[in-house]
Amino acid sequence: MNDSLPEMAARCADLIAASNRIVLLSGAGMSTSAGIPDFRGPQGLYASLGIANPERIFDIGVFRTDPAFYYGFHREFLRQVEAVKPTWGHRFFARLEKDGKMAGIVTQNIDALHQRAGSVKVLEIHGSIWQSLCTKCGKIYDYGESARKVEAERVPLCDRCHSVIKPEVVFFGENVRHFEECQELVANADLLFVVGSSLAVTPAAWLPSLCPGSIAIVNKGEISKSWLPSSRVALHAEEDIDAFFRSVAERMKLAIPEIL
């Protein structure tokens, strides 16, 4: 018989209480919980924008020759991000960090919702919209500056040298970010959460097997066993992410602040 939500939440609270170097690996499920549509689904951004060849959006070669094609997508993605707030799950892990329990977060997402929730120790393996760089002089633009330029300019150009600005998102043809640091972080974790990820996308999917401590998965849907055998998983909750961590917080008597 499967454990009930309260039983799993109690087990999760016990795992957290016994741990001091917690790491989170977060995937797309945390973003869709916030209300950001996935890219490829029938209601996703590719379909809503009428993009017939979405594989070209994150192609670095295409970006270099026709950045306007990418920015047609990116502009709408930023609007979607601006319209949502970090979820309970995002805020739960930000609170654990504030309490000194988190060693860090590895995220596959590019939407910067962890930072907006208050998390600081965030490694964005696929990059992020949190800041952008000039492709020529390297000038850094923070989230607010780059978002304003994206709305005002068809192709955002650098104020200093007038070259194209690119968000620090990893495109096909570019290397993932911080991978050695991600490996070290997970290899020193006494508790690893995998939340909103099916563990199907490498190299992020390789990381959980490095964890010497307990592994807890919170995700609806299938989990790939290619890189992580079931025997390594201490807790697997096929539950709504926010509902699950609300129940965990209640068990821990942990107050989670709202995002205004």
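The following refers to the structure shown.

1. Some words on the sheet that holds strand β4 (residues 127-134)
Here's step 1: The strand order across the open sheet built from 3 strands is β5-β4-β6, with neighbouring strands paired in antiparallel fashion. Taken across any chain shown, the strands that pair with only one partner, and hence form the sheet edges, are β5 (140-142) and β6 (165-169). Neighbour to neighbour, the strand axes of the sheet diverge by 35 degrees on average, direction disregarded.
Here's step 2: Bridge analysis of β4 against β5 gives 3 bridges, and the strand direction is antiparallel. Among the inter-strand pairings, Leu133 is bridged to a residue of β5, identified as Ile140.
Here's step 3: Its contacts with the sheet put helix α5 (residues 67-82) on β4 and β6, and the angle it makes with β6 is roughly 60 degrees.
Here's step 4: In this fold helix α8 (residues 143-152) packs onto β4, β5 and β6, with an angle of close to 90 degrees to the strand it touches most, β5.

2. Quick notes on the packing of aromatic side chains
Here's step 1: Applying the stated rule across the entire model yields 19 aromatic pairs.
Here's step 2: Between Phe58 and Phe73, the ring centres sit 5.5 Å apart and the planes meet at 80 degrees, which makes this aromatic pair edge-to-face. Linking Phe58 in the loop between α3 (45-48) and α4 (60-65) with Phe73 in helix α5, this pair joins segments that are 15 residues apart in sequence.
Here's step 3: Within the aromatic cluster, the residues linked to one another by ring pairs are Phe58, Phe63, Tyr70, Tyr71, Phe73, Phe77 and Phe171.
Here's step 4: Against the face of Phe69 rests Arg56, its NZ or CZ located 4.6 Å from the ring centre.

3. Here we look at the sheet that holds strand β7 (residues 191-195)
Here's step 1: What the 6 strands build is an open sheet, ordered β3-β2-β1-β7-β8-β9; its pairing is parallel. A single partner strand is all that each edge strand has here, and the edge strands are β3 (122-124) and β9 (235-237). Here the average twist between neighbouring strands, direction ignored, is 15 degrees.
Here's step 2: Note that strand β8 (residues 214-218) and β9 share 3 bridges and pair parallel. Looking at the pairing, Ala216 lines up with Leu235 of β9.
Here's step 3: Across the face of the sheet, helix α6 (residues 88-98) comes into contact with β1 (22-26), β2 (102-107) and β7 while running at roughly 150 degrees to β2.

4. Some details on the packing of α5 against α8
Here's step 1: Between α5 and α8, whose axes approach to 10 Å, the crossing angle comes to 125 degrees. The angle between α5 and α8 falls in the class oblique. Between α5 and α8 the crossing geometry is left-handed. Two secondary-structure elements touch here, α5 through Tyr71, His74, Arg75, Leu78, Arg79, Val81 and Glu82 and α8 through Tyr143, Ala147, Val150 and Glu151.
Here's step 2: Across the contact of α5 with α8, the residue classes break down as 6 nonpolar, 1 polar and 4 charged.

5. Description of the side chain of Ser163
Here's step 1: If you trace the backbone, Ser163 turns up in the loop between α8 and β6.
Here's step 2: Ignoring any residue separated from it by four or fewer positions in sequence, one finds Ser163 in contact with Cys134, Thr135, Lys136, Pro156, Leu157 and Cys158.

6. Structural notes on the pairing of β6
Here's step 1: Of all the 5 residues making up β6, 4 are buried; the element is thus mostly covered by neighbouring parts of the structure.
Here's step 2: In this structure, β4 lies alongside β6, joined through 4 bridges in antiparallel fashion. Its bridge partner being in β6, Ser132 is matched across the sheet by Pro167.

7. Thoughts on the state of the cysteines
Here's step 1: Overall, the coordinates contain 0 disulfides when judged by the stated rule.
Here's step 2: Sulfur of Cys161: no disulfide; nearest cysteine sulfur belongs to Cys134 and is 3.4 Å away.
Here's step 3: Its relative accessible area of 24% is what places Cys161 among the partly exposed residues.
Here's step 4: Lacking any disulfide linkage, Cys211 is separated from the closest cysteine sulfur, that of Cys12, by 14 Å.

8. Regarding the layout of surface pockets
Here's step 1: Looking at the second largest pocket, its volume works out to about 210 Å³.
Here's step 2: Lining the second largest pocket are Gln115, Val120, Val122, Leu123, Glu124, Gly127, Ser128, Trp130, Gln131, Glu168, Arg177 and His178.
Here's step 3: If you tally residues by element for the lining of the second largest pocket, the top one is β4, at 4 residues.
Here's step 4: For the lining of the second largest pocket, a count of residues per class yields 4 nonpolar, 5 polar and 3 charged.

What counts as what
- Residues numbered from 1 in each chain as written.
- Predicted model: local features only at pLDDT ≥ 70, side-chain atom pairs only at ≥ 80, totals over all residues.
- Heavy atoms only, no water.
- Pairing = 2+ DSSP bridges.
- Helix = DSSP H or I, 4+ residues; strand = E, 2+ residues; numbered from the N terminus.
- Axes fitted to C-alpha atoms, helices over the stretch in contact; angles between N-to-C directions.
- Contact = heavy atoms within 4.5 Å.
- Phe/Tyr/Trp six-rings, centres within 6.5 Å; stacked < 30°, edge-to-face > 60°.
- Lys NZ or Arg CZ within 6 Å of the ring centre and 35° of its normal.
- Parallel < 35°, antiparallel > 145°, perpendicular 65-115°, else oblique.
- Left-handed = near helix turned anticlockwise from the far one by under 90°.
- Nonpolar A, V, L, I, M, F, W, Y, C, P; charged D, E, K, R; others polar.
- Buried < 20%, exposed > 50% of the residue type's maximum accessible area, 1.4 Å probe, protein only.
- Disulfide = S-S within 2.5 Å.
- 1 Å grid on protein atoms, 1.4 Å probe; cavity = no way out; pocket = protein on both sides within 12 Å on 5 of 7 lines; lining within 4 Å.
- Points joined across faces, edges and corners; volume = space filled by probe spheres on them.

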